[in-house]
Amino acid sequence: MGYTSLDKIKALQKNPANVRNLCILAHVDHGKTTLADSLVASNGIISSRLAGKLRYLDSREDEQIRGITMKSSAISLHYKDYLINLIDSPGHVDFSSEVSTAVRLCDGAIVIVDAVEGVCPQTQAVLRQAWLENIRPVLVINKIDRLIMELKLTSQEAYTHLQKILEQVNAVTGSLFTSKVLEDRAVKEERAEEDKEEGDIEPAECPGSEQVYDWSAGLEDSDDSQLYFSPDQGNVVFASAIDGWGFSIQQFAQIHSQRMGIRAEVLLKTLWGDFYLNAKAKKIMKGAHAKGKKPLFVQLVLDNIWSLYDAVVTRRDKEKIEKMMMSLGVKVMTRDSRHSDPKVLLSAICSQWLPVSQAVLFMVCDKLPSPLDMTSERIERLMSVGARRFHSLPLQTQELKTGETHTHTLQLHKSCLGSWPDRDTLRDWQPFSRRKVGREMPNQEVQHRTSVSACLPPVPHLACCTMDSLYLLMGRELEELEEVPSGNVLGIGGLEECVLKSATLSTSPALPPFIPLNFEATPIVRVAIEPKHPSEMPKLVRGMRLLNQADPCAEVLIQETGEHVLVTAGEVHLQRCLDDLRERFAKIEISASKPIIPFRETVIRPPKVDMVNEDLGKQQKVAVIHQVKESDTLHLDPSGLVTLTTPNRQATVGVRAIPLPEEVTLLLEGSADLIRTLEQAGQAQREGRTLDMSTWTLDALMVLKSRLEVLLQGRKWRNAVDRIWAFGPRRYGPNILLNSVEGYQRPSVWHCLEREKGEKEGGAKAEASAIRDFDNSVVSGFQLATLSGPMCEEPLMGVCFSVERWDMNFPTQRTHLDSVTEEDSNSLDASVSESPGEAAGQQEASGKAGGAGETPSQAEGAVVLVDCYGPFSGQLIAAVKEACRHAFQAKPQRLMAAMYTCEIMATAEVLGRVYGVLGKREGRVLQEEMKEGTEMFIIKAVLPVAESFGFADEIRKRTSGLASPQLVFSHWEVISSDPSWVPTTEEEYLHFGEKADSANQALKYMNGVRRRKGLYVEEKIVEHGEKQRTLSKNK
Ligand SMILES: Nc1nc2c(ncn2[C@@H]2O[C@H](COP(=O)(O)OP(=O)(O)OP(=O)(O)O)[C@@H](O)[C@H]2O)c(=O)[nH]1
Ligand SMILES: [Mg+2]
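Residues numbered from 1 in each chain as written. Chains lettered and ligands numbered in written order. Predicted model: local features only at pLDDT ≥ 70, side-chain atom pairs only at ≥ 80, totals over all residues. Heavy atoms only, no water.

This part is about the overall build of the chain. Helices and strands together make up the secondary structure of the chain, namely 34 helices and 34 strands. Counting only residues that meet the buried cut, the chain has 51% of its 1035 residues in that class. Within the chain, contacts between residues separated by at least 24 positions form 72% of all contacts whose residues are at least 6 apart in sequence. Working note: accessible area of the chain is about 49800 Å², and carbon and sulfur atoms make up 51% of it. (Helix = DSSP H or I, 4+ residues; strand = E, 2+ residues; numbered from the N terminus. Buried < 20%, exposed > 50% of the residue type's maximum accessible area, 1.4 Å probe, protein only. Contact = heavy atoms within 4.5 Å. Areas by Shrake-Rupley, 256 points an atom, 1.4 Å probe, with all protein chains shown as cover.)

Written out as structure tokens, the structure reads:
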């Protein structure tokens, strides 16, 4: 076919109806890049002999060495009159953010499934991603040669196996569909209810108002026939990308309809399914399975392939091969037929007989939508930012969807930055982006050097920027273009200054930024980075900035300590980011620290048994309380209440730490964004502004509140939700400050909700603001305490600090300013305490302090103290912080470790070794099951992130590459051992020995972190200083 000329591609770009933007998605190693090779070879860009071996789209060196894709890459291909903009995505979980961006850029996807491994975790993930983005998938079942050569299945067995795989894939789609239908119905009902409230609809018009719940209703009405993969629908291709063949049943229907004289349509319907050929009657009959007959698919399709493999690879029967080639009308070159490796001959024959590229490209052009067919549902979803419904957007914005207004709207979504090989004329990297078009506005052109405004989500501001250059993305190459018609995937240059990670570009300011991508991976592994030569720091900073822009999932930050920190999703991702920095972005030698593993600190209920499972009784309590050293300002109650007085003795706080129930912690962690909104609303209210919250957010907050109420039950938590003072750290974390001060009425954090509601109802409530002056200092102290705990200065998690006492014994206001004359200070008093409520509250509280009846001389003393200890609010912050820390220490403390879940697929022979590695690294197996129809076991396990470095490598080594794990961050888990534990009972000594350091994983982690942070580590370095003794038993 030869090189596709640039002119041809340019011409094809102009017809958006024939453009297909698609990506290849699959689990790792299922053959995406190999398949892409065949497609690339069909355009003559690489030789077809090299297809499958070259992995052309894996252009980076590290990709070639490791054999996995790490970065999406795009290429434009043509097939007949169609232009195909293809994006190959990585399958490794660490790079799942690349998949999110690829999916956003496309209208369709090729989902590949390995015929042996079947549906794997990432297959489910990509199907879900495609579903969430509303793009249409087609299926390729790849590596069918493995069924023949490796599993040695007969064609009949293979047919059953393929059926099962199809069922599995459809089951995933089915569950996505069901959940969507139910969700839609819920939204519809909600909307109907809203309308009803507004009085738009007469009750007679909504018959469902007398609700009778019928769960099946939505499902039956919805059309799902287009949804599922089925060979007779033409959306499934069976292939072996490495041997270069692939087919859909249309091809075989055509071949056999001529031969057998049966109409192609009939064959198309019957080739896949329970049909067989009655040779005598020359008829196709149903019920092959029941009658023990060969299904048509086996007889007419698989048998042919099986016998070809048998003749070429297994028996090497030259005569038979000749015969077969004759009947297939295939000619091969002599050098192929004489090659010592039979696979060469096989792929030479197959790629002529059933070229995989033709089958896949035909399916793609036939089944996937063009950019013009973008569903209105998808456009609405893209524009509905921040859970705002499309209908609530301004009219001008809504009009953009249909393109009815002639505002020359030009919508660009730039979401992924590919890195390109160095060329003098080009920048290091170019963004690749996709112009989104409204349905009726084709053929608008992105002009060279157009000025467009970029809305950078989530910042609500607009910025103007100019595009310098436009590119066509051709795998390893870039072609500069003057203009690009709408509906294509293209590269843009010159936006690096104004765009961070992603942006929505538009010529119309009415366009809201598109909704953010949904990422599956969480950045969790962090390393500190520095240049080898300190003078190269500026280069490093610039490089890190570029990396931050270019990678959707990596985070780059400068810590308060001044360290430059890089946060990545996993080990492989980390390696790639470091390589990128070294070779592309900073181009300097860098050194990276060991991965910094995050921990959390928490308290738990006193355990009932000790380390050897003996009942503890009361002794543990004593041991714990011992850790807090009392002084004249610090007092510890045996029940765990810590009372601390500020140095100037003007305030005393009493704090108790209580472990939060696990569900509450999880809920708080999951609702961080909501809590942040709540906090902002509260802040705005305090400042006298109002924050516009959508009804959706308000509802979500109400739900959060009621869920907390349900979860916080029991005597201890009475009214707790209303008494929440703050969340922390950073005001939205998973810890709670609780107001249990008797007589101190402060508005609850939920106060702003009530106000919003009240306003809605029309009757604004009078504000009950009796906030004490130093309320904020207490919150600040709590924030500081939760940000870094006493064990190893890591953030706290799942701890509730209940403030049970807060006494202030200010002598009077005037003591602050002793030089002011009495009259002056009186007038000052009046101006300071503006609201009488405040002053009253304060006096009331100080009355309770018990120290209200102070003599003037004491007050005089306090004046001096105020001066020497500095501002009072600072003292209070420090006191609250210290009180919280001590209260924390008065309870049994534990570390929480970040956990990965991992799924490992392994054969029975290597199962034992997998367990060995897991055990050594503190992993815990959750589930083990045999994969249906194969010899593989799937093991689900959890593994601490701290133990995960080198895990994948070790597993691969120990199992000779037969098992490879996929690690995904899942949750935080309390480490059961107590870091401050020392053996106390006889049994414990016996069990763990005198040093007892082997068992204490938590201590090891804690000391590791403390050492890294330069904190004091309590460790015996020399065990027996004088002389090594040999202890013999029978002395
Ligand atoms: N037997 C067989 N092996 C195949 C086939 N297709 C690909 N492979 C092999 O599978 C391995 C992975 O192929 P890739 O194309 O790199 O897989 P990928 O899906 O791109 O992998 P990632 O990009 O890392 O997710 C390679 O060793 C290929 O040779 C096939 O049809 N049959
Ligand atoms: Mg790949």
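This is not the end of the story, as more comes after the structure.
Within the secondary structure, E954 is located in helix 32 (residues 951–958). A polar contact is formed between the side chain of E954 and the side chain of R921, at a distance of 2.7 Å. Among all residues touching E954, those that are not within four sequence positions of it are V917, K920 and R921. (Polar contact = N/O pair within 3.5 Å; in protein donor to acceptor, adjacent residues only side chain to side chain.)

In this structure, I529, L566, F801, W806 and F951 are the most contacted members of the largest nonpolar core, which totals 89 residues. Sorting elements by how many residues they give to this core places strand 31 (residues 893–907) first, with nine residues. Core analysis: the next-biggest nonpolar cluster, separate from the first, contains 56 residues, V169, L271, W272 and I321 among them. (Core = buried A, V, L, I, M, F, W, Y, C linked by side-chain atoms within 4.5 Å.)

Of all the seven residues making up strand 2 (residues 73–79), seven are buried; the element is thus mostly covered by neighbouring parts of the structure. Burial along strand 2 is two-sided: S73, I75, L77 and Y79 and A74, S76 and H78, pointing in opposite directions, are all buried. Summarising the sheet, strand 2 and strand 3 (residues 82–88) pair through seven bridges and their orientation is antiparallel. By the bridge assignment, L77 is partnered in strand 3 with I84. Counted along the chain from strand 2 to the antiparallel partner strand 3, the turn is two residues long, and its residue K80 has a positive phi close to 50°. (Pairing = 2+ DSSP bridges.)

In terms of burial, strand 6 (residues 236–240) is largely enclosed, as five of its five residues are buried. Judged by which residues are buried, strand 6 turns out to be covered on both faces: V236, F238 and S240 on one side and V237 and A239 on the other are all buried. Bridge count for strand 5 (residues 136–142) against strand 6 is three bridges, and the pairing is parallel. Following the sheet pairing, V140 is matched in strand 6 by V237.

Around ligand 1, a shell composed of 19 residues is seen, among which K32, T33, T34, T69 and D145 lie nearest. One of the backbone nitrogen or oxygen atoms of G31 is found 3.0 Å away from an oxygen atom of ligand 1. In the environment of ligand 1, an oxygen atom lies 2.5 Å from a nitrogen or oxygen atom belonging to the side chain of T69. The protein chains hide 84% of the 650 Å² of surface that ligand 1 would expose on its own. (Near = heavy atom within 4 Å.)

The next thing to look at is the packing of helix 13 (residues 318–328) against helix 15 (residues 342–353). Direction vectors running N to C along helix 13 and helix 15 enclose 15°, while the axes themselves pass 11 Å from each other. With respect to their mutual orientation, helix 13 and helix 15 come out roughly parallel. The chirality of how helix 13 crosses helix 15 is left-handed. On helix 15, the residues that touch I321, M325 and L328 of helix 13 are L345, I349 and W353. Looking at the contact of helix 13 with helix 15 residue by residue, the class counts come to six nonpolar, no polar and no charged. (Axes fitted to C-alpha atoms, helices over the stretch in contact; angles between N-to-C directions. Parallel < 35°, antiparallel > 145°, perpendicular 65-115°, else oblique. Left-handed = near helix turned anticlockwise from the far one by under 90°. Nonpolar A, V, L, I, M, F, W, Y, C, P; charged D, E, K, R; others polar.)

For the rest of this paragraph, the subject is the sheet that holds strand 28 (residues 724–728). In space, the six strands of this open sheet follow the order 25-26-27-30-29-28, with mixed pairing throughout. Both edges of this open sheet fall to strand 25 (634–636) and strand 28, since each of them pairs with a single strand only. Strand-to-strand twist in this sheet, taken as the mean axis angle between neighbours without regard to direction, amounts to 20°. As defined by bridge partners, strand 28 adjoins strand 29 (residues 735–739) across four bridges and the pair is classed as antiparallel.

Turning our attention to the environment of K152. Along the chain, K152 turns up in the loop between helix 6 (144–149) and helix 7 (155–198). Not counting residues up to four positions away in its chain, the partners in contact with K152 are L147 and E157.

The next thing to look at is the pattern of salt bridges. Scanning all chains against the criterion turns up 31 salt bridges. We note a salt bridge from D58 to R55, for which the minimum N-O separation is 2.6 Å. Like R55, D58 is buried. Through salt bridges with shared partners, one network takes in R60, D62, K71, E98, R576, D580 and R584. (Salt bridge = Lys/Arg side-chain N within 4 Å of Asp/Glu carboxyl O.)

Turning next to the confidence of the model for the chain. Across the chain, the average pLDDT comes to 75, with 72% of residues at or above 70. Scored below 50 in pLDDT, residues 404–460 makes 219 contacts in the model with residues more than four places away or belonging to other chains. Considering only residues more than four positions removed or in separate chains, one finds that residues 758–771, a stretch of pLDDT under 50, has 15 contacts. (pLDDT = per-residue confidence, 0-100.)

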